[in-house]
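Structural features, examined
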Amino acid sequence: MINAEQRQLLHQYLIIDLAIQSLQCDYKTLEQLKMKAIYIPFVESLMKSIRQDYFNLKRQLAKQKIRIVGWHRIDKYFSDVRIATAGEDEIFRYANQALKTEVEQLLNQAHCQLCKQIK
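For the structure given in this document, a descriptive report is provided here. (Residues numbered from 1 in each chain as written. Predicted model: local features only at pLDDT ≥ 70, side-chain atom pairs only at ≥ 80, totals over all residues. Heavy atoms only, no water.)

1. Some details on the pairing of strand β2 (residues 78-84)
Each regular strand carries side chains that alternate between the two faces of the sheet. β2 sits mainly inside the fold: 5 of its 7 residues count as buried. Examined bridge by bridge, strand β1 (residues 67-73) and β2 share 6 bridges and lie antiparallel to one another. Among the inter-strand pairings, Trp-71 is bridged to a residue of β2, identified as Val-81. In textbook terms, the turn of a hairpin is the stretch between consecutive antiparallel strands, and for β1 and β2 this stretch comprises 4 residues. Of the strand pairs in this sheet, β2 and strand β3 (residues 89-95) are connected by 7 bridges, and their pairing is antiparallel. Residue pairing in the sheet places Ala-84 in a bridge with Asp-89 of β3. Here β2 hands over to β3 after 4 residues, the two strands then running antiparallel side by side. (Buried < 20%, exposed > 50% of the residue type's maximum accessible area, 1.4 Å probe, protein only. Helix = DSSP H or I, 4+ residues; strand = E, 2+ residues; numbered from the N terminus. Pairing = 2+ DSSP bridges.)

In structure tokens, the structure reads:
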């Protein structure tokens, strides 16, 4: 059974994982743009800034013997995430739109932090 603190860590990990996946997918599209020299370094910096949090959370979850087994998209509104723990597997249901909104918020925050570092 996952407690509230572990659930929060897991949720943060899921959001960061989705953000990285989204940026990697978008990266392929950016390579086709004429102004790729402008956009690609920005996306690389963004990925680099959130990857550290990703690895830290993954390490914390691994110490607690928690890992994501898989995603299952139920329909266009909901997805289930199967989690393996030391005791038993659990399934958490997430609203796809809520996940998308949280990923966008995370990337906006990371973007603002990068802009502050540049100035």
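There is more to say, and it comes next.
2. A look at the side chain of Gln-6
One can find Gln-6 in helix α1 (residues 4-30). The class for Gln-6 is buried, based on a relative accessible area of 14%. Every residue in contact with Gln-6, bar those within four places of it in the chain, is listed here: Met-1, Leu-61, Gln-64 and Ile-66. (Contact = heavy atoms within 4.5 Å.)

Everything listed here is a matter of coordinates, which is why it stays silent on function.
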